[in-house]
Every structure is written in C-alpha cells, then in structure tokens.
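# Examining the three-dimensional arrangement
Chain by chain, the residues run as shown.
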Amino acid sequence: MNPKMIDKVRDKNPLVHHLINYVVMNFVANGVISFGGSPVMAMEEKEAQDIAKSADAVLLNVGTLSHENISSMIIAGQTANKLDNPVVLDPVGVAATSYRSQVIKHMLKKIRPTVIKGNAGEIAHLVDIPWKVKGVDSVGEGNIEEVAVKAAQKYNTNIVITGETDIICTGKKIIQNTTGHPYLAKITGGGCLLGSIIACCLTTDDHIEDQLISAVTFYGLAAEYAASQNAVTGPGTFKAHFIDALSFPIQKLKG
Amino acid sequence: MNPKMIDKVRDKNPLVHHLINYVVMNFVANGVISFGGSPVMAMEEKEAQDIAKSADAVLLNVGTLSHENISSMIIAGQTANKLDNPVVLDPVGVAATSYRSQVIKHMLKKIRPTVIKGNAGEIAHLVDIPWKVKGVDSVGEGNIEEVAVKAAQKYNTNIVITGETDIICTGKKIIQNTTGHPYLAKITGGGCLLGSIIACCLTTDDHIEDQLISAVTFYGLAAEYAASQNAVTGPGTFKAHFIDALSFPIQKLKG
Amino acid sequence: MNPKMIDKVRDKNPLVHHLINYVVMNFVANGVISFGGSPVMAMEEKEAQDIAKSADAVLLNVGTLSHENISSMIIAGQTANKLDNPVVLDPVGVAATSYRSQVIKHMLKKIRPTVIKGNAGEIAHLVDIPWKVKGVDSVGEGNIEEVAVKAAQKYNTNIVITGETDIICTGKKIIQNTTGHPYLAKITGGGCLLGSIIACCLTTDDHIEDQLISAVTFYGLAAEYAASQNAVTGPGTFKAHFIDALSFPIQKLKG
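Residues numbered from 1 in each chain as written. Chains lettered and ligands numbered in written order. Predicted model: local features only at pLDDT ≥ 70, side-chain atom pairs only at ≥ 80, totals over all residues. Heavy atoms only, no water.

Formed by 245 residues in total, the largest nonpolar core has its most connected members in A:F242, B:F242 and C:F242. B:L19, B:L60, B:A76 and B:I161 belong to the second largest nonpolar core, which has 39 residues in total. (Core = buried A, V, L, I, M, F, W, Y, C linked by side-chain atoms within 4.5 Å. Buried < 20%, exposed > 50% of the residue type's maximum accessible area, 1.4 Å probe, protein only.)

Here it is in structure tokens:
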C-alpha cells in the first residue's frame, strides 16, 4: 500500500455525500471524520442533486432501503457520474429479499459505480452465483475470486469483497488483503464504514489500484491496532478504539 | 435461571427481524451481535414479509412511531404469527399520546405477541390502570404485579415489566428479577435492547418461563458487571462496557 | 456562569421534545439523559402537538431535513410558542442547498425560536452575509459578532454561534465563551447536542443570559475534562468520556 495516499486524503478532507442506512449513520459519520473526511448525510430527494454536486464523492448504501429513498440515491449517483466523481455502491442485503434485489439491479442500470463493495453473498447475488446468506450476512463458501471477476466484468467496475481475506478486483487483476480483525464482524457497520473510507480514498489523483489497496489495508490495520489495546475487552470498547485508530498515522498502526 | 439456555442461543445465532425506533437502532444492533444474535433492521413494507419469513423472531418497537411503518410492523408480526415464530412487542411511550395509544391497540388486534415488554406506565396504560408517565418514562407508583397479571390475561400473552425490580408474568405466575443497574436508565435504549435479547432467547426450544428469566437475569448481570469496571466513570463508558459484557459467558458476569 | 443553574436544571429534569436528525439521535439522547434532562424523540406529525404540549421545551434540528418532517417541526414549534415554552432552532446546513434555505426561512416565518444556534456559516446565511461553507461545516472567516447581532435583530431572538470562541448574543449584548475542545469538531453531533443542552437550560426561571452562558460554558468544560482523561486517545474514546462528563458536578469539571 501507499502510506502517502492516506496523507493526501487527509490533506484534501474530501466531502462525501452519504445516502446510507439509519443503523450505522452515526458510526460511519464518526469514522469518516476521524479518518480525515467530511461526511454529509442527506436523503431528501429535493436536495440530492445540490449536495451531490458540492461533494467530492457519493456513497450509496441500501442497508435500510426504503422506496422513498431510491430516487434520491439515483439522482445523487447520476450527478456524481456526470461530474466524473467517484461513486461507491454498497448493496447491503441484496440477496435477502426479491424487492431489494430488484431495486439494486435497477439502480445499477441507472448509475455507474466506481466501486461495488460488499460481502461475498451480496456480490455473488449480483452475478447470479448461488451463495448462502443469513439476513445481511454472508455465510456461504465458494470461489470468491470468480465472483469478483465476474462482477467486475458484468458491471464494468471495480469490486471489493470483504471477508477474512478481502478481495480487490480492478478489471481482471485480483489483489488480496489480510489485514483486519474478527471484531469488525462483531459491530454493526464494520463493512459499511469501509465503503466510506474507500469513497474518501477515491478522491485523490492516484491510480484506483493504489486507492483501493490503501483504503482496505489501512482499515484492517486500524482494526488490528484497536483490538490489541489493553482497554479493549469486547466489541463495545473495540468500537471506540477503532474510531480512534482511524485518525492515527499509518506508521503508528503498524507499530 | 438456566445458564445453558444462553449458550444455546449463542449456538443458534438467531436472526431477529427488528422494526425498531431510529434512536436506538445502532445500540440495539451492536448489543444483539455482541450477545450472539443476528439482527436485521428493515422497515420497508415491500420486504417486510420476506424478511420476517427468513427470521427466527420478530421485534416490534414503536419508539419513533411513524404512520409509514405501521403496516410493515403488522405484516412482519403476522408473518411470524403464521410461522409460530416468537414476536416481542415493545409499546414504547404508548401512554404519551392518544395517537400512539390508538396505533398500538390496533396492532394488538392484528398481532399476537409472544411477549409484551415495557415499563410499568406502558403496560398499565394497556390495561387502563392510571399511571404517571413522563414522555416515554414511567414515573408513577402502584401495584405492578396487578398490572402484569391483568395485561397477561387481557392480551393472552406473557408480560415483562422492567424497573428496579423486573416483573415477569407468564399467565398467572409472577417472577421477580433484581439483577440490573441504575445505569441502564441513564442510557437510551436500556429497555429496548432487553426486548431484543428476549426475542433472541425465545428462539430456543426451552420453556417460556426459563427463556424469560434467563434473558432478564443475564441482561441485569451484564449491566452489574459493566458498572463495576474501573474504566466506567459514567453512562458513556458504561455503554461500551455493557456491550462488551453481553458477549461474556454468564460465569464471568457472576464473578 | 452560574453553577447553581446547572443544579436547577438537573432537579427539574426537563422533558425536551426533539425533532432532530437521524445521524445524531442516539448521541444526543444519551447526552441529554447524562446531563440531567429527559429527551423525547418523535417526528410523527399526528402526535407532534401532544408531545410538544407535554414537554418543557422543543428542539428543532434540520440536519437530515425531509419534506415529511417539516410540518411536524412547525406544529411542535408553534405549540411551544403558544405555551410560552422555549424553542431552540438549529439550522444545520442551511447554506448547503437552496431547498434547505427555503424551508428554514419558511419555518422562521411560522415559529419564534427562543434561540437560534448554529455555526458561523449557518447564521451568516440567515442574514445574507457571504460565508464559506463545506457541506454542513463552516470554513469561512469574517466578523462573527456582526453576524450574531444582525441575526438577533432580524429574527428578534437570541443567537449562539459555535466555534473556537463561541458567541452569545442576547439582543444587542455580546458574550464570548472560550471553553471547549477541538475534539467536539471531530465527532458528529458536537454542535447538535449543545442545542439540546441549551434547551434544557432554558427551562429554568433564570435570565436568558445566565442560561445561555451556563449552558455553553458547562458544555465546553465537560469537553475539556473529557479530553484530559488518560483513557482518551482519539474521538471515539473522547465521545464516551464526554457523555460521562456531562453528568458530573461543575466543580469536578473545573478540577
């Protein structure tokens, strides 16, 4: 990864327009601020275009999908597309219900995401590969790299699949990341916030490969650092220390 | 209480469909994950049936009641009823406004909850016993056991009334629980999360009495344990340590 | 400031009806409870009047403005106005979009707020003074006192402008406050929660000047105290300790 990239993001303090689920809004806003970004969370259709225009990137997360927010998401995504600004799509729970599946597939016809980030079950669903899911969690097993390549090709985009080993797929190239900690799966929003960190990193002038590796590696290192603190005795204290760690220089996280 | 029951819940990792207020969503999701359950928080009417069908239990909490969410709640509750899955109803603030009272009484005609959990003021309101409330809090005094028995009979269900002493009423039998800590009343969602922990516990094959006693006792012990930690200096640090404690074996909580 | 005023608020435990953005709901509710108030968070139009009637104060915060919530806000504000109860308006991001600007200016024709609290960019926008903003943050520089006086005059109300130095304007009088800590800008809701603490303090029988100075000074002292704790290593741990500090006697915060 490229440590200077993280510094560049922090110098820029990118404004990221979030259309994101209600469960993790507070956690994600705090994580983005701590990391060095500037989050705006706004769902109202009547201001979606204005806010997306003023932002450096758009993050679409359908964790608590509501029919009232779909058009706001499409407007924000299309506005970013027109401006050539990055768009990150997090298709939370796309395999959980047929409604969610239809809506997200519809959105993918209207918007060109720069990155689709999800767990294996979510990305597999987008390319019709059977995968076991439980609610919004992926519990199946299979060829994750195949899933990533297929999705990158089908949607002509970059893919990040989170898991014990994260998979980054930029076109046909596959990169693995093994930083991270099981605590990330023990708090709600552990995956959602990574989407926002990626959106922040996409706003520099670096190559997409550098951006994605840096975002995912840094995020995992922050989790490892937090989990190693003596004050952390479970997911509640981990969460607070993880937010702290997102503000640290990467040198500190590497120990 | 039955310590093995808590282990059984954790082995099962039950999926609980939450239709719950926006204030506590994040806290409750984190608490349920830490405890060993799997929360899905989804309010959209168009996927309410699908999600409720895939879940092991349904939790209905009207803390930020909105007319748009009532039908979703009824669909989810009825779906669980048809599948004989547990339904927990938390009538937050039912006595606060006539609108809320009407809506919840309407819901109780459409849904058969397995458990109604609330504070004394909320449950008293459901059986027309006068009780002093302040916003969504119960501040009155009276015969709480009478309230519990009347509500259990009127709605043909099980009742949990939270307070300094918790009251569990299964049919005509009354059980008291004194585990707990005043800090639970100093954070928002201290009562709401108990509803979710109960929903998790209702998914085992144990007797309802065992399930309710175990859930309520464990929850109070986790609060006591957290409050006793040196690092806890007020409700903010308590909250993080309480989430931690919910993940611990019951032996650890008992010291 | 008047330390006894804080004690009076805690003795009263004022009920504050919050119509507030989804991002900070949980944080603000926890902060208000810890401080000694009693928050009710309810957005539904059909119960807005009932809840506002039962409350000691109303807090209107448009951070995640939605067209569905505007009438609820106006009803709650007007109800408090009729009862001569305090109303605090937090025009979050009013300069961010023309939609938000229109809505808030419309609200200001329908409601008489006791206090408008915002950052410099927000208050400057309300009096048509150009000011640089970034999303919902104020990043410009200029004559803040002029902004405060103009806004107090134009809207015939009291103004609190938050920043490195906070400005309180009661009519023509200007008071500065320098308590506080940069961490408050590193968490989401650092400004929003102050609005609620002000609302709590406005419910005593003291003079508005005393109320505003006490609220703003106390809030800043709590932030300083929290930031000075050894356990605080970043914005995540700060947040928990700040909530703790809001419950402390002012003597403890002053060291």
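Now, onward.
Let us now look at the UniProt feature "binding site: substrate" (unreviewed entry) in chain A. Feature annotation in UniProt assigns "binding site: substrate" (unreviewed entry) to the following positions: A:M41 and A:G189. For A:M41, the position within the fold is in strand β2 (residues 38-41). Exposure remark for A:M41: the relative accessible area of 6% places this residue in the buried category. Not counting residues within four places of it along the chain, the set of residues in contact with A:M41 comprises A:H18, A:I20, A:M25, A:V28, A:A29, C:V23, C:G63 and C:T64. Its location among the elements puts A:G189 in the loop between β10 (173-177) and α8 (190-201). (UniProt positions renumbered as here; feature names shortened; annotations may be inferred. Helix = DSSP H or I, 4+ residues; strand = E, 2+ residues; numbered from the N terminus. Contact = heavy atoms within 4.5 Å.)

Chain B puts 28 residues into the contact, and the matching count from chain C is 26 residues. Buried surface at the junction of chain B and chain C, summed over both partners, amounts to about 2200 Å²; 55% is from carbon and sulfur atoms. Looking at the side of chain B facing chain C, the largest losses of area belong to B:V23, B:Y99 and B:K134, adding up to 23% of the total buried there. Counting every contact that joins chain B to chain C gives 1 salt bridge. Note that C:E47 and B:R100 form a salt bridge whose closest N and O atoms lie 2.6 Å from each other. Those elements that provide at least two residues to the side of chain B that touches chain C are α5 (98-110) and α10 (235-245) of chain B. Residue contributions to the side of chain B that touches chain C peak at 4 residues, all from α10(B). Across the side of chain B that touches chain C, the residue classes tally to 10 nonpolar, 12 polar and 6 charged. (Buried area = accessible area lost by both parts, 1.4 Å probe. Salt bridge = Lys/Arg side-chain N within 4 Å of Asp/Glu carboxyl O. Nonpolar A, V, L, I, M, F, W, Y, C, P; charged D, E, K, R; others polar.)

So, on to the sheet that holds strand β3 (residues 57-61) of chain A. All names here are of chain A. If you trace the 8 strands from one edge of the open sheet to the other, you get β2-β1-β3-β4-β5-β8-β9-β10, paired in mixed fashion. The two strands at the open ends of the sheet, each matched to only one other strand, are β2 and β10. This sheet shows a mean twist of 20° between the axes of neighbouring strands, independent of strand direction. Relative to β3, strand β1 (residues 15-19) runs parallel, the two sharing 4 bridges. When the sheet's bridge partners are listed, H18 is paired in β3 with L59. Helix α3 (residues 45-54) rests against β1, β2 and β3 of the sheet, and its axis sits at about 150° to β1. (Pairing = 2+ DSSP bridges. Axes fitted to C-alpha atoms, helices over the stretch in contact; angles between N-to-C directions.)

Take the interface of chain C and chain A next. How large an interface is tends to be reported as the accessible area lost when its parts come together. Contacts between chain C and chain A engage 28 residues on the former and 26 residues on the latter. Both sides of the chain C and chain A interface together cover about 2200 Å² of buried area, and 55% of this is carbon and sulfur. Its largest share of buried area at the contact with chain A, chain C owes to C:V23, C:Y99 and C:K134, together 23% of the area lost on that side. The interface formed by chain C and chain A holds 1 salt bridge in total. For the interface between chain C and chain A, the tally reads 12 residue pairs in polar contact (both at pLDDT 80 or more). (Polar contact = N/O pair within 3.5 Å; in protein donor to acceptor, adjacent residues only side chain to side chain.)

Turning our attention to the relation of the copies chain C and chain A. Take chain C, turn it by 120°, move it 0.0 Å along the axis, and it overlays chain A with an RMSD of 0.0 Å. The superposition of one copy onto the other is thereby described by a three-fold rotation axis. Rotation axis and chain C: the residue whose C-alpha lies nearest the axis is C:Y22, separated from it by 4.0 Å. Interface overlap between copies is the fraction of interface residues in one copy that are interface residues in the other; for chain C against chain A it is only 7%, indicating separate surfaces. (Least-squares fit on C-alpha atoms with pLDDT ≥ 70 in both.)

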